[in-house]
Amino acid sequence: MMSSIARRDFLLSSAALAGAAVTNAFTCVEIASAAPIEVPTVDKLSIRVLVDSSYDLFFRPKQINGVAIAPAARSADFRKSLHNEWGLSLWLESQGGGNQRTLMLDYGYTPEVLLNNMALIGVEPGKLDALIVSHGHYDHFGGLNGFLDKFRDKLPSEVKLYAGGEDNFCHRVNPTPTQGQFSDFGTLDRRQLAAQKVTTVLCETPTVIAGHAFTTGKITRRSSERVLPNTLVEFGMKDGLGCSVGHYLPAEMDGKIVPDEHIHEHATCFNVRDLGLVVISSCGHVGIVNSVKQAQEVSGIQKVHAIVGGFHLGPAPKDYLAQVVGEIKALNPDVVVPMHCSGLNFVQEASAQMPEKAVVTTTGSRLSFGL
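Rules behind the numbers
- Residues numbered from 1 in each chain as written.
- Predicted model: local features only at pLDDT ≥ 70, side-chain atom pairs only at ≥ 80, totals over all residues.
- Heavy atoms only, no water.
- Helix = DSSP H or I, 4+ residues; strand = E, 2+ residues; numbered from the N terminus.
- Buried < 20%, exposed > 50% of the residue type's maximum accessible area, 1.4 Å probe, protein only.
- Contact = heavy atoms within 4.5 Å.
- Arc of directions from axis to C-beta.

Draft legend 1. Representation of the environment of Ala358. Considering the arrangement of structural elements, one finds Ala358 in the loop between helix 8 (344-353) and strand 23 (366-369). What makes Ala358 buried here is its relative accessible area of 19%. The spatial distance from the C-alpha of Ala358 to the C-alpha of Thr187 is 34 Å, given a sequence separation of 171 residues. Other than its neighbours up to four places away in sequence, Ala358 contacts Val336, Ala350 and Ser351.

As C-alpha cells, this is what we get:
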C-alpha cells in the first residue's frame, strides 16, 4: 500500500502520457509508468446489460441496498427477442458535474447478438464518448469489429479504445487432447482498429476515462486468489498481429505458448457520490478480491458500494469458492451482482453467505446506482 505522502502526491498530480508510438500503421498511446490520477466522482450511474448468457422473461424490478434493477421492455414486435451467448457487453451511462458520459465496456462474442440486442434495448451509439475492452478473450471483443463496421461514423472522430495493456492483444489458444496442438481462440487486431481510425490507449496504469470513470491499471495479486485454468497465451507478434513482449516481458518469452495469467486485465470503476465504489470486473481472472482492492488503493476510497460483472468462479472448487466469497463478504459491499462467468455455484454460495446483498440480473437489465 502507498504511504500517506505517496498517496497525496498520487492524487494531486495529473495523468501524464508517455507519448504516442506508431508501429505497423496502428497507434498506441501509452500511459506513463508513474501515471497518477485524480479519481472523479459521479452523481448517478446506470449499467445496461447488452449481452450476457441468459434472458429471464419473468424478471421483475427490484431494489436492494440502494441499487435498482429493472428488466428491458418487451419488443413491440413479438418476432424479435433479445439474444444470449457466452460473453459480456455493458453500456455505462453516468452523470456528474452537470455532464453525462456514455461508455461501452466489452462487446460480447458475436456482432450479430450484440447488434440485435442494442437495437431492441434502444441504446444510441452516437452518444458514446469512449470504448473499453477488459482483456484479450474473444467473448469480450468478438463483436467489436462488427460494431465498428456499423456505427463508426456515429462515434467521435477521435474515439479511443481503452485496453488493459499490451497483453490484451496477444494470441489466445485452447489446448486439445493432442499434445502440442491447440485450437484458435482469436486475437484482438490493432490493424483493424487502426483501419477504423480508433486509437488504442494502453491502461497499464490507472487511467481516467471521459472524466467520469477510472480503470484499475495492472492488478496487484495480493489475496489468496489464483488464476483458474482457462486459455493459453502466445507471446509475440507476426505481421503486426499479436503482442510485443519487449516492454513488459523478458525477450526469451517471445514466441512461447504458456498458461494465461492475464497480465493486463483491468477493471472499470466509478466513485458514486455518498455511496462509494462501483467496481466492474468483466471476467476477474486475476481475482475479484484483487480487483476491488486495487480499485480501493488507486482511489484512496475504501467504501465499496457494488461489485458487478464476471468473477470467473464457475470452475472453482467448492472449498476455494467458499473462501473467496468469504473474502468478498469481508469487503462489505452493499451489493454483489454476478454475471457471465461467475457461475451458478457462485450465485448459490454468495446467496448463502450474503443473502441480503447478492442479486442476479438478466440480458437487457438496467442497474441504477445513485437513485
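Draft legend 2. Structural view of helix 4 (residues 144-151). Taken as a whole, helix 4 has its buried residues at Leu144, Gly146, Phe147, Leu148 and Phe151. Against the buried residues of helix 4 lie strand 7 (99-105), helix 2 (111-121), strand 8 (130-133), helix 3 (138-141), strand 9 (160-163) and helix 5 (190-195).

Draft legend 3. Main features of helix 2. Turning to helix 2, its buried residues are Val113, Leu114, Asn117, Met118 and Ile121. Angular distribution of buried residues about the axis of helix 2 spans 125°; they occupy a single face of the element. Exposed side of helix 2, more than 90 degrees from the buried face: Glu112 and Ala119 are the residues found there. If you follow the buried residues of helix 2, they end up packed against strand 3 (44-51), strand 6 (89-96), strand 7 and helix 4. Within two residues after helix 2, Gly122 carries a phi angle of roughly 90°, on the positive side.

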